[in-house]
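Single-letter residue listing:
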Amino acid sequence: MTEPIRAVAALLPTLLLILLTATAAAAQAWVLPKGAGTVTFLHQRLFNTGHRRIGGFLAEVGQSTNMAFYVEGEYALTDRLSVAAGIPFVSSKLTATRPPPPPIPVFAWDACHCWQSSFQDFGITARYNLMNGTFAMTPSVSFGTPSHGYEYRGEAVVGRNLTEVRFALDLGRRLDAISPSLSVQGQYSYAVVERPIDDIPNNRSNARAQAAYAWAAKLSTYGFVSWQRTHGGLTFGSPVPGSPDPFPGEVNTPERLEQHDRMMRDNYWHVGGGASFGFEKFDVFGSYTEYVAGTDTHAGRGFTLGISFPFQLGGSR
């Protein structure tokens, strides 16, 4: 790990945890009152149906299934400041029926087509609300690190085994002029990511826009679009004949081949939607995400189900 990353270490958002943020419970622009908190249990299943290469080419190789069980707790220390911490337990297995093209190796944990399971990365987030009325603004900083030295090479792995720091800004607005039940939110985040190869940056931008509608006091639905851009990383090029960046692209040395699974220039667009329903003592929610476009990224879809339990340790001011 390089010294700048040791100084600014942080969060866990692989594809799994970027999708884990797509829950109906995550109104990140608005914050809880002092003394309030939530404990959330979340299950997610991802179906990776191939890899998107440069030029929109879909390589129907390396298919895999990932499952995650995620536990997170959040607590409001004041009416503006809240902290959250969580860790996922991830299971992955290769489902592809044919091996990847050379020079990509086939590891034993992929060849067996069996589940590989482990805790992934521990993360903690601090959010500080600047505005919390009809319009809300909340910056945050997230810190995370791998829970242990797990395997990151291949498809049947639980994550990238990298340390990150993420800075984010959430904005939200209730559209009372149209309907008191309608709201919109947006988030931009920038992640400073550990560099497995010192001279190749691995940072990332993410953005998300969401519109939600409360149909009743307890039922709400929402739709969203999310985007990712990797600032650096490696590209695999395209296997299409005559491509200006032929396969295997920048993965052209033994060191880059060793590290490519956690250093791809993963750029994508996702769309999805979900719903939440509030009971007297807990909320349930679910969402669906479709991977619609991208380069050096997965094709596929994801499903999320969760339950959140609110609690109160003290009265609000």
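In what follows, the structure referred to is the one given above.
Residues numbered from 1 in each chain as written. Predicted model: local features only at pLDDT ≥ 70, side-chain atom pairs only at ≥ 80, totals over all residues. Heavy atoms only, no water.

Points about unusual backbone geometry
One can expect most non-glycine residues to show negative phi and most peptide bonds to be in trans. Residues Pro102 and Pro103 are joined by a peptide bond in cis, for which omega reads 10°. You can see Pro103 is positioned in the loop between β4 (81-94) and α3 (108-111). Of note, the bond from Phe247 into Pro248 is cis; its omega dihedral lies within 30 degrees of zero at 10°. Looking at where Pro248 falls in the secondary structure, it is placed in the loop between β12 (219-232) and α4 (254-259). (Helix = DSSP H or I, 4+ residues; strand = E, 2+ residues; numbered from the N terminus.)

Observations concerning the pattern of salt bridges
Going through the model one piece at a time under the given rule, you end up with seven salt bridges. Note that Arg204 is salt-bridged to Glu164, the shortest N-O span being 2.9 Å. Linking Arg204 in strand β11 (residues 202-214) with Glu164 in strand β9 (residues 164-174), this pair joins segments that are 40 residues apart in sequence. Here Arg204 falls in the buried class, since its relative accessible area comes to 3%. A relative accessible area of 2% places Glu164 in the buried class. A salt bridge links Arg265 to Glu250, with the shortest nitrogen-to-oxygen separation between them at 2.9 Å. (Salt bridge = Lys/Arg side-chain N within 4 Å of Asp/Glu carboxyl O. Buried < 20%, exposed > 50% of the residue type's maximum accessible area, 1.4 Å probe, protein only.)

Some remarks on the nonpolar core
One finds Ile104, Ile197, Ile200, Leu234, Phe236, Val251, Met263 and Met264 forming the largest nonpolar core, which totals eight residues. If we skip the residues at most four places from it in the chain, Val251 touches Leu234, Thr235, Phe236, Arg256, Leu257 and His260. (Core = buried A, V, L, I, M, F, W, Y, C linked by side-chain atoms within 4.5 Å. Contact = heavy atoms within 4.5 Å.)

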